[in-house]
Amino acid sequence: MSKALEGFRILDMTHVQAGPTASQIMAWLGADVIKLEPPTGDVTRGQLRDVPNADSLYFTMLNCNKRSITVNMKNAAGKEVFIELVKKCDVVMENFGPGVIDRLGFPWEEVHRINPRVVMASIKGFGSSGPYADFKAYENVAQAMGGAMSTTGVPGGPPFVTGAQIGDTGTGLHFVIGILAALHHRNRTGRGQYVEVAMMDSVMNLCRVKFRDHQRIQRGPLGEYSVPTEGLDYAPRAGNDSGGGQLGNAIRCKPGGPNDYLYIVVQEHVWEALANRIAGEALVKNAKFATIGERRRHQDEMWALINDFAGNYTKQELMKMLNDLNVPCGPIMSTRDLVNDEHVRLREMIVELDHPQRGKWLNVGCPIKLSDSAADIERSPLLGEHTDEILREVLGYTDAQVAAMRQAGAFSKEPPKIAEYHPLRA
Ligand SMILES: CC(C)(COP(=O)(O)OP(=O)(O)OC[C@H]1O[C@@H](n2cnc3c(N)ncnc32)[C@H](O)[C@@H]1OP(=O)(O)O)[C@@H](O)C(=O)NCCC(=O)NCCS
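No experiment lies behind these values; they were computed from the predicted model shown.

Of regular secondary structure, the protein possesses 18 helices and eleven strands. Considered along the principal axes of its C-alpha atoms, the protein spans approximately 90 × 45 × 40 Å. Counting every position in the protein, which comprises 426 residues, the buried fraction comes to 37%.

Below, the structure written as structure tokens:
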């Protein structure tokens with residue numbers, strides 16, 4: 001079976017999370033992703049290690065299906081290898097801090113000069129223009145500055161980050177979309193272009209409905225919020241409110257553990273069936289809850305009634321009961337629940353892999369399912385595992401050329417002392 005992105009070769013200089021999640025998806029979809037790492041490796045290889053001397057899960061989970069080459073970009077021979085690779089690739093990806101790629105001597109203008117067909121793509125915290133352009137960023141910095149933290153939590157409490165990595169992986173998804181669009185354009189015009197995705201912009205895009213509420217709130221209080229909104233001129237934190245046109249909340253279930261909750265959306269047209277199941281005809285006929293407007297007004301009371309009822313059931317029992325009534329709902333799943341979930345396993349959203357340093361481990365699968373392009377997930381590469389293979393196969397280097405570049409320090413932190421640099425094309 002052929003792969004959707006087969007034939008595209010990507011020079012992936014990305015590190016940490018935002019970029020690597022993007023190039024991993026492209027690798028799953030069939031692109032040949034060459035992960036170009038400094039001789040010391042992507043810093044995440046050694047971060048949060050659970051097995052001594054083995055690549056961390058932080059690294060292995062974000063870098064599957066890639067080949068690894070180490071290149072010292074601060075060394076003349078290393079730069080030469082980079083230039084040759086740019087000529088052979090369709091995409092160059094990076095997410096270094098502001099100014100790094102310029103200091104290495106390869107801003108977009110230079111990469112474009114080397115290969116006018118190449119698409120170059122950069123993630124920055126805040127983009128290349130504006131007062132924040134020079135600042136570095138991590139996940140939670142982006143969540144803070146993109147509007148996610150100010151709208152997550154409960155009123156009166158501190159702002160919270162979300163567990164979903166919207167700043168990094170969310171940005172990575174935008175990155176993939178931008179790169180694919182630029183490749184599509186390149187295939188029509190023959191011209192590569194520069195793709196820039198800022199983490200703050202991506203988080204704002206993911207907080208779009210909060211800016212809907214920001215504008216609505218200027219005209220008066222928002223009835224669907226369970227928290228007071230009178231007099232506010234910004235979208236507040238609203239706990240577990242649904243954030244949409246239907247009322248929703250997390251309801252406590254039996255036996256009352258930290259994740260024993262079911263998220264329920266009280267869709268307008270399911271109220272009658274739900275009310276009937278909870279308390280029979282009397283609740284169905286209760287004027288206080290007769291319309292969605294009334295239910296909004298009395299939602300604290302409505303949630304209390306539903307909570308009382310839910311306390312008699314586990315989240316799974318209640319999910320089944322409410323799905324039978326066509327009520328949209330979902331149990332709060334812990335990572336343990338998910339790893340053991342039959343549906344998740346069937347959809348290959350948790351996959352078991354083997355790794356020479358760590359043995360068996362689990363990865364989250366590819367969430368994009370293509371009917372004619374299966375994502376076969378392969379383990380992440382060891383540091384520099386494919387250096388020689390890439391030099392020979394992609395660049396056509398001979399053994400002697402590889403050895404000369406090695407001696408010149410192209411692939412190591414410091415050049416080996418014994419030999420002089422023999423430029424390949426001298
Ligand atoms: C993530 C981030 C904060 C990390 O900051 P950092 O650890 O200081 O790393 P930087 O990217 O700023 O710098 C990397 C350094 O490694 C060097 N380096 C990277 N690859 C190299 C290679 N192959 N060979 C030699 N040196 C290399 C760079 O030249 C740079 O050195 P310099 O500062 O002397 O120019 C920063 O990269 C950043 O803001 N990135 C953009 C936003 C982003 O993607 N953040 C989310 C990450 S999940």
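This paragraph deals with the nonpolar core. Core analysis: the largest hydrophobic core is formed by 68 residues, its most contacted members being Ile10, Leu11, Met26, Val91, Val92, Val119 and Ile179. Those residues in contact with Ile179, other than ones at most four positions away along the chain, are Val91, Val119, Ala121 and Val195. One finds Trp271, Ala275, Leu322 and Val327 within the second-largest nonpolar core, a separate group that totals 19 residues.

Strand order in the open sheet formed by three strands is E7-E8-E9, with antiparallel pairing between adjacent strands. In the strand order of this sheet, the two ends are held by strand E7 (247–252) and strand E9 (329–331), each with one partner. Going across the sheet, the axis of each strand differs from the next one's by a mean of 15°, ignoring polarity. Two elements, strand E8 (residues 261–266) and E9, share three bridges in a ladder whose sense is antiparallel. Each bridged residue has a counterpart across the sheet, and for Ile264 the counterpart in E9 is Cys329. On top of the sheet, helix H13 (residues 299–310) reaches E7 and E8; it is set at about 35° to E7, its chief contact.

Not every one of the 22 residues close to the ligand is listed here, only the nearest: Val16, Pro38, Asn95, Gly97 and Lys136. At the level of elements, helix H4 (100–103) and strand E5 (119–124) are the ones that each hand at least two residues to the shell around the ligand.

The residue after Lys254, namely Pro255, is reached through a cis peptide bond having omega 0°. Along the polypeptide, Pro255 turns up in the loop between E7 and E8. Even without glycine at this site, Asn53 takes up a positive phi of about 60°. Take Asn53: it is sitting in the loop between strand E2 (32–37) and helix H2 (57–60). A positive phi is found at Asn326, a non-glycine position, where the angle reads about 70°. Counting through the fold element by element, Asn326 comes out in the loop between helix H14 (315–324) and E9. Using a count of 11 C-beta atoms within 10 Å as the deciding quantity, one classes Asn326 as exposed.

The next point concerns the sheet that holds strand E1 (residues 9–12). On the basis of which strands lie adjacent, the open sheet formed by six strands has the order E3-E2-E1-E4-E5-E6 and parallel pairing. The strands lining the two open edges of the sheet, one partner per strand, are strand E3 (66–70) and strand E6 (194–198). Taking each pair of neighbouring strands and ignoring which way they run, the sheet shows an average axis angle of 20°. Of the pairings in the sheet, the one linking E1 to strand E4 (residues 91–94) comprises three bridges and is parallel in character.

Another point: the pairing of E8. Direction of pairing for E7 relative to E8: antiparallel, over a ladder of six bridges. Note that in E8 the partner of Ala250 across the bridge is Tyr263.

Attention shifts here to the packing of helix H1 (residues 18–28) against helix H7 (residues 169–189). Two numbers describe how H1 lies on H7: the axes approach to 7 Å, and their chain directions differ by 50°. Between H1 and H7, the angle falls in the class oblique. Read as a crossing pair, H1 and H7 show a hand that is right-handed. Residue-level contacts link Ala18, Gly19, Thr21, Ala22, Ile25 and Met26 of H1 to Thr169, Thr171, Gly172, Phe175 and Val176 of H7. Grouping the constituent residues of the contact of H1 with H7 by class yields six nonpolar, five polar and no charged.

Take the packing of H7 against helix H8 (residues 199–206) next. Interaxial distance between H7 and H8 falls to 9 Å at its minimum, and their mutual angle equals 95°. It follows that H7 is roughly perpendicular to H8 by the angle criterion. Contacts from Gly170, Thr171 and His174 in H7 reach Met199, Ser202, Val203, Asn205 and Leu206 in H8. Residues that form the contact of H7 with H8 fall into these classes: three nonpolar, five polar and no charged.

Cut-offs used in this document
- Residues numbered from 1 in each chain as written.
- Predicted model: local features only at pLDDT ≥ 70, side-chain atom pairs only at ≥ 80, totals over all residues.
- Helix = DSSP H or I, 4+ residues; strand = E, 2+ residues; numbered from the N terminus.
- Buried ≥ 20, exposed ≤ 12 C-beta atoms within 10 Å, placed from the backbone.
- Core = buried A, V, L, I, M, F, W, Y, C linked by C-beta atoms within 7 Å.
- Contact = placed C-beta atoms within 7 Å.
- Pairing = 2+ DSSP bridges.
- Axes fitted to C-alpha atoms, helices over the stretch in contact; angles between N-to-C directions.
- Near = placed C-beta within 6 Å.
- Parallel < 35°, antiparallel > 145°, perpendicular 65-115°, else oblique.
- Left-handed = near helix turned anticlockwise from the far one by under 90°.
- Nonpolar A, V, L, I, M, F, W, Y, C, P; charged D, E, K, R; others polar.

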